[in-house]
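Secondary and tertiary structure notes
Chain by chain, the residues:
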Amino acid sequence: MRLVLDAMGGDHAPAAPVEGAVFFARAHPGHQVLLVGDEARVAPLLGKLRPPPNLQFHHASEVVEMDEHASTAFRRKRDSSLRVGFELVRDGQAEALVSAGNSGAVMAGGLLTLGRLPGVERPAIAALFPALKGGGRCLLLDAGANVDCRPSHLAQFAVMGEAYVRARMGVARPRVAVLSNGEESSKGTPLTREASELLRRSDLDFVGYVEGKDLFSGEVQVVVTDGFTGNVVLKTSEGVGMGVIGMLRQAIERRGGLAEKVGAMLLQPALAGLRKVVDYAEYGGAPLLGIQGVGIVAHGRSTPRALFNALGAALAMAEGGVQAELTRCIERAAAWLPPPAKGKRATEPGVSD
């Protein structure tokens, strides 16, 4: 497999992507990593790290910055690292792309360069949450690609999420739900109520509404919502997870007695395990489901370890036949999904990482 990594994407670029790419290439000598970025900034870093022969470099003179308008910048900067990377995938020179850059631009690049899967109106960012049971994971989508959604979009997200969880995570019959402000069918908004009506007609194991707390219970494996809500949930959950660990450490340090110090030592393995569960770096990145190719959206603050894991996620998705399963399930869902709205183009994302 050949994997593209955007060397210029993210808060710590190009140092973090370069280091992550080198480590991944060393750990996976049977696969190729194609690092795309500005030669003047990347070459000195590569020179210090002495990359293995299965890491190749492609020059791109421009960068889509984090604060730029996604689709405008992607169209205007024809030699950006993100655009060159997507073109490598489109032209068959790579099987997947990973970027920690402007998530809106990743979405725009997937749409404009690779296109949507037939029957998909809008791709979605699919984020994994830790769960107490049910396989230990819950998939939330959309986690930030589409601020404004229609009921048909949420229904398509449910189809893609269910297919992804089966193909990638091995859950035989994922339970699917719509995120709402209560479990009662009378709750929610016109969007959630209409989406629920669509999903009740489907062949999915649809259980109705769930609340935010249910993302972590493991009672459901796929939860759908609009990208604005999903992104807020994602960022809030990241903060809560790391905040709880930090507050626990502070409480132990404030007491400062012998018993607390011994307790802290005994808790270290458990705290390390908890940090690993809630740390976004362990997941690497979120797949952009619904484009004709594999795209992984990594966190804007990604470290080399996070990008190493994001490349691993891209490799697993490219090797696992996920795209074929997504295509098959969307085609089958045409029997109950409303036809795509004519004359309306999918808009680019309004939430960036």
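Everything numeric here is computed off the predicted structure, so don't read it as measured data. (Residues numbered from 1 in each chain as written. Predicted model: local features only at pLDDT ≥ 70, side-chain atom pairs only at ≥ 80, totals over all residues. Heavy atoms only, no water.)

Right, let's get into empty space enclosed by the protein. Evaluated as defined, the whole model comprises two cavities of 30 Å³ or more. Size it by volume and the largest cavity reaches roughly 50 Å³. For the largest cavity, the full set of lining residues is D6, M8, G9, V63, V64, S81, L82, S99, G101 and N102. Among the residues making up the lining of the largest cavity, the classes are represented as four nonpolar, five polar and one charged. If you go around the second largest cavity, the residues you meet are V159, D203, L204, C329, R332, A333 and W336. Sorting elements by how many residues they give to the lining of the second largest cavity places helix 12 (residues 322-333) first, with three residues. (1 Å grid on protein atoms, 1.4 Å probe; cavity = no way out; pocket = protein on both sides within 12 Å on 5 of 7 lines; lining within 4 Å. Points joined across faces, edges and corners; volume = space filled by probe spheres on them. Nonpolar A, V, L, I, M, F, W, Y, C, P; charged D, E, K, R; others polar. Helix = DSSP H or I, 4+ residues; strand = E, 2+ residues; numbered from the N terminus.)

The next point concerns the sheet that holds strand 5 (residues 124-125). With mixed pairing, the seven strands of this open sheet are ordered in space as 3-2-1-4-12-11-5. Only two strands of the sheet have a single partner each, and these edge strands are strand 3 (55-59) and strand 5. Sheet analysis places strand 1 (residues 2-6) next to strand 2 (residues 32-37), joined by five bridges and oriented parallel. Counted as the bridge partner of D6 is V36 from strand 2. (Pairing = 2+ DSSP bridges.)

Attention now moves to helix 2 (residues 39-49). With a side-chain oxygen lying 3.2 Å from the backbone nitrogen of A40, the N-terminal cap of helix 2 falls on D38. R50 occupies a position one or two residues after helix 2 and carries a positive phi of about 50°. (Polar contact = N/O pair within 3.5 Å; in protein donor to acceptor, adjacent residues only side chain to side chain.)

Looking now at the pattern of salt bridges. Counted by the stated rule, this structure contains 15 salt bridges. Across the pair E68 and K77 runs a salt bridge, and its minimum N-O distance is 2.8 Å. Among the residues examined, E68 registers a relative accessible area of 19% and is labelled buried. Classification of K77 as buried rests on a relative accessible area of 11%. Between D91 and R90 there is a salt bridge whose closest N-O contact spans 3.0 Å. Taking the relative accessible area as the measure of exposure, D91 reaches 46% and is therefore partly exposed. A cluster of three or more residues bridged by salt bridges with shared partners is formed by E162, R166, E325 and R328. (Salt bridge = Lys/Arg side-chain N within 4 Å of Asp/Glu carboxyl O. Buried < 20%, exposed > 50% of the residue type's maximum accessible area, 1.4 Å probe, protein only.)

With that settled, the discussion passes to the pairing of strand 9 (residues 205-210). Where strand 8 (residues 175-179) and strand 9 come together, four bridges link them in parallel fashion. Bridge pairing links V178 to Y209 in strand 9.

Turning to the environment of S71, a few remarks are in order. One can find S71 in helix 3 (residues 70-76). Taking the C-alpha atoms as reference, S71 lies 7.5 Å from G104; in sequence the two are 33 residues apart.

Here helix 6 (residues 151-169) crosses helix 12 at 140°, and the two axes come no closer than 9 Å. On the basis of the axis angle, helix 6 is oblique to helix 12. Every pair of crossing elements has a handedness; the one defined by helix 6 and helix 12 is right-handed. Contacts between helix 6 and helix 12 involve Q156, V159, M160, A163, Y164, R166, A167 and R168 from the former and V322, E325, L326, R328, C329, I330, R332 and A333 from the latter. Taken together, the residues that form the contact of helix 6 with helix 12 break down as ten nonpolar, one polar and five charged. (Axes fitted to C-alpha atoms, helices over the stretch in contact; angles between N-to-C directions. Parallel < 35°, antiparallel > 145°, perpendicular 65-115°, else oblique. Left-handed = near helix turned anticlockwise from the far one by under 90°. Contact = heavy atoms within 4.5 Å.)

Next up on the list: the packing of helix 4 (residues 81-90) against helix 5 (residues 103-114). The contact between helix 4 and helix 5 brings their axes to 10 Å, and the two run at 40°. Here helix 4 lies oblique to helix 5, going by the angle between them. For the pair helix 4 and helix 5, the sense of crossing is right-handed. Every residue of helix 5 that contacts helix 4 at L82, F86, E87, V89 and R90 is listed here: A105, V106, G109, G110, T113 and L114.

Turning to the nonpolar core, a few remarks are in order. Counting 64 residues, the largest nonpolar core has L35, V98 and L141 as its most contacted members. The element best represented in this core is helix 6, accounting for nine residues. Among residues more than four places away in sequence, those in contact with L35 are L5, A7, P17, V18, A21, V42, L46, L55, Q56, F57 and H58. (Core = buried A, V, L, I, M, F, W, Y, C linked by side-chain atoms within 4.5 Å.)

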